[in-house]
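Topology and contacts: notes
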Amino acid sequence: MGAYEHHVEVKKLVNEEASQLTTVYRAGQAFPNSRRCRLQSQVRNYAENVINEVWPQQQRGEIVEDQGRLDAVFESLMFYEPRNEQESNAQSVTLQAFNEYNNLRRERQGEVSIGLLPVLYLVLFGGALVTIGATWALVGVRLIDHVALTGFLSLFIGLFITLIIALDHPLQDSNAIGLTHWKVALTQGMGVPPEGERQITTYFGVSSADRVPGCLLNVPDYVSFASSEQLPQ
């Protein structure tokens, strides 16, 4: 069934997008501490914006994103001047991961308004009416049996059409693909404590919702700082 296959493909796309942003976050670990804190704080801030702002609007069919948050991540990567070969390699790998994420993001945005063509719904409903109506052409069947047959057939067709409608437009409405993949990326990939916990211990140190491990300032401070070169080392 095309609607189901499309729904599964978009779900995989959402998972890949969230996972790729986690890759950007983790690749930033190779940068010097001040740049790492700025980059990882920006990535966290962007992921939280996707969860809190982008997804609810997307479910209403609106493609709205705070491009400034994504541009800030790109600026932190692109305009950093590596001091040695290791930092140069780190910048290259992280930029590649960021570009791949950006491509996945654009694919997901393009899927927001994609669904079955209206003419297919006309064919679907028209075929259902013809099929149900054709049962009344049966002869030699008791009325009670005829009504039961028509009722069961109508129920099956109704459930089938309902399923197609529910799977159509997988990023919109109440049946849209949820935020499970993004929340997993934020908690397991970026070290943000699960709901109800203040902080957790990661490989890189203690992490809280407001602070990346090993950083002196909170996430909002790194995100809003005018010049990354002035950040504490």
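Check the entry above for the structure.
Summary of the structure given here. (Residues numbered from 1 in each chain as written. Predicted model: local features only at pLDDT ≥ 70, side-chain atom pairs only at ≥ 80, totals over all residues. Heavy atoms only, no water.)

**Considerations on the overall build of the protein**
A tally of regular secondary structure across the protein gives eight helices and two strands. Taking 17 Å as the expected radius of gyration for a compact globule of 233 residues, we find that the protein reaches 25 Å, considerably beyond that expectation. Counting only C-alpha atoms, the protein reaches 90 × 35 × 25 Å along its principal axes. Counting across all 233 residues of the protein, residues that qualify as buried make up 39%. Of the contacts formed within the protein by residues at least 6 apart in sequence, a portion of 68% connects residues at least 24 apart. (Helix = DSSP H or I, 4+ residues; strand = E, 2+ residues; numbered from the N terminus. Rg over C-alpha atoms; globule rule 2.2 N^0.38 Å. Buried < 20%, exposed > 50% of the residue type's maximum accessible area, 1.4 Å probe, protein only. Contact = heavy atoms within 4.5 Å.)

**A look at the packing of aromatic side chains**
Under the defined criterion, the tally for this structure stands at five aromatic pairs. Arranged with centres 5.9 Å apart and planes meeting at 85°, the rings of Tyr46 and Tyr101 form a pair that is edge-to-face. Taken as a pair, Tyr46 in helix α2 (residues 33-59) and Tyr101 in helix α4 (residues 85-111) lie far apart in primary sequence, 55 residues in all. Summarising the burial analysis for this pair, Tyr46 and Tyr101 share the class buried. (Phe/Tyr/Trp six-rings, centres within 6.5 Å; stacked < 30°, edge-to-face > 60°.)

**A short note on helix α7 (residues 180-189)**
Three or four residues apart is the spacing at which side chains of an α-helix point the same way, because the helix has 3.6 residues per turn. By the burial criterion, the buried members of α7 are Trp182, Ala185, Leu186 and Gly189. Along the axis of α7, the buried positions cluster into a sector of 115°, meaning they face one direction only. Turned more than 90 degrees away from the buried face of α7, the exposed residues are Thr180 and Gln188. Against the buried residues of α7 lie α1 (2-27), α2 and α4. One or two positions beyond α7, positive phi appears at Gly191, with a value near 75°. (Arc of directions from axis to C-beta.)

**Things to note about the pattern of salt bridges**
Inspection of every chain in the model, using the stated rule, returns four salt bridges. Glu75 is the partner of Arg38 in a salt bridge, and the nearest nitrogen-oxygen pair spans 3.4 Å. With Arg38 in helix α2 and Glu75 in helix α3 (residues 67-78), this residue pair connects regions lying 37 residues apart in the sequence. With relative accessibility at 6%, the residue Arg38 sits in the buried group. One salt bridge in this structure joins Arg60 and Glu62, with 3.8 Å as the shortest N-O distance. Among the residues examined, Arg60 registers a relative accessible area of 55% and is labelled exposed. Note on Glu62: relative accessible area 35%, which makes it partly exposed. (Salt bridge = Lys/Arg side-chain N within 4 Å of Asp/Glu carboxyl O.)

**Some points on the layout of surface pockets**
Taken as a whole, the largest pocket encloses approximately 210 Å³ of empty space. Forming the boundary of the largest pocket are Ile51, Lys183, Leu186, Thr187, Val192, Pro193, Pro194, Glu195, Glu197 and Ala209. Top contributing element to the lining of the largest pocket by residue count: α7, with three residues. Tallied by class, the residues present in the lining of the largest pocket amount to six nonpolar, one polar and three charged. (1 Å grid on protein atoms, 1.4 Å probe; cavity = no way out; pocket = protein on both sides within 12 Å on 5 of 7 lines; lining within 4 Å. Points joined across faces, edges and corners; volume = space filled by probe spheres on them. Nonpolar A, V, L, I, M, F, W, Y, C, P; charged D, E, K, R; others polar.)

**Section: the pairing of strand β1 (residues 199-202)**
Direction of pairing for β1 relative to strand β2 (residues 205-208): antiparallel, over a ladder of four bridges. In the strand pairing of β2, Thr201 is matched with Val206. (Pairing = 2+ DSSP bridges.)

**Re the environment of Ile200**
Inspection of the secondary structure puts Ile200 in strand β1. As for Ile200 and Arg211, which are separated by eleven residues in sequence, their C-alpha atoms are 11 Å apart. For Ile200, the residues in contact, after removing those within four places along its chain, are Thr187, Gly191, Val192, Pro193, Pro194, Gly205, Val206 and Ser207.

**Quick word on the packing of α1 against α2**
Packing of α1 against α2 leaves a shortest axis separation of 9 Å and a crossing angle of 155°. On the basis of the axis angle, α1 is roughly antiparallel to α2. Here Val14, Leu21, Val24 and Tyr25 of α1 come into contact with α2, specifically with Gln40, Val43, Arg44, Tyr46, Ala47 and Trp55. (Axes fitted to C-alpha atoms, helices over the stretch in contact; angles between N-to-C directions. Parallel < 35°, antiparallel > 145°, perpendicular 65-115°, else oblique.)

Read these as geometric descriptors, not functional statements.
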